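A closer look at the structure
Take a look at the letters that make up each chain.
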Amino acid sequence: ALIERVQKDENSDMRKLSAKALGLIGPKAIGTHMPAAVAGLKEGLTSKNTEFREYAARSLGQLKARDAADAVRRLTVDPDQGVRHAANEALKLLE
């Protein structure tokens, strides 16, 4: 349900909180749904919502989604300081 909310929920608050929750529950709990979770979070990296970008970057780092490193790296020059910080922290976990 969290993955679907990240990908499809029309409520931006629900999408960003779901993105945050995915990182907190971790890869073991996500299990075989990891590719879908990573895909949804990668989509979040391009959101107009700064908090969604921040939570998506943070969660990708927490999930050790190394295939998302290039997409996360692009956020290191984001206009928002919180997003830049989250991207840099995530990259430390991905590299």
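Everything here concerns the structure above.
In this report, we go over the structure that sits alongside the text.

**Digging into the environment of Arg84**
For Arg84, the position within the fold is in helix α6 (residues 81–94). Sequence separation between Arg84 and Leu45 is 39 residues; the distance between their C-alpha atoms is 11 Å. For Arg84, the contacting residues outside a window of four places in its chain are Leu75, Thr76, Val77, Asp78 and Pro79.

**Considerations on helix α3 (residues 34–44)**
Buried within α3 we find Met34, Ala37, Val38, Gly40, Leu41 and Gly44. Burial along α3 is one-sided: seen end-on, the buried residues are contained in an arc of 165°. Considering only its buried residues, α3 is in contact with α1 (2–8), α2 (12–30) and α4 (50–62).

**Topic: α4**
Between its first and last C-alpha, α4 extends 18 Å over 13 residues, near the 18 Å set by a 1.5 Å rise per residue. Along α4, the residues classified as buried are Phe52, Arg53, Glu54, Tyr55, Ala56, Ala57, Ser59, Leu60 and Gly61. Elements that come into contact with the buried residues of α4 comprise α1, α2, α3, α5 (69–73) and α6. Of the residues that open α4, the one with a side-chain oxygen 2.9 Å from the backbone nitrogen of Glu51 is Asn49. After α4 finishes, the residue Lys64 shows a positive phi value of roughly 55°.

The rules behind each value
Residues numbered from 1 in each chain as written. Predicted model: local features only at pLDDT ≥ 70, side-chain atom pairs only at ≥ 80, totals over all residues. Heavy atoms only, no water. Helix = DSSP H or I, 4+ residues; strand = E, 2+ residues; numbered from the N terminus. Contact = heavy atoms within 4.5 Å. Buried < 20%, exposed > 50% of the residue type's maximum accessible area, 1.4 Å probe, protein only. Arc of directions from axis to C-beta. Expected span 1.5 Å × (residues − 1). Polar contact = N/O pair within 3.5 Å; in protein donor to acceptor, adjacent residues only side chain to side chain.

Spatial relationships are all this shows, so hold off on functional conclusions.
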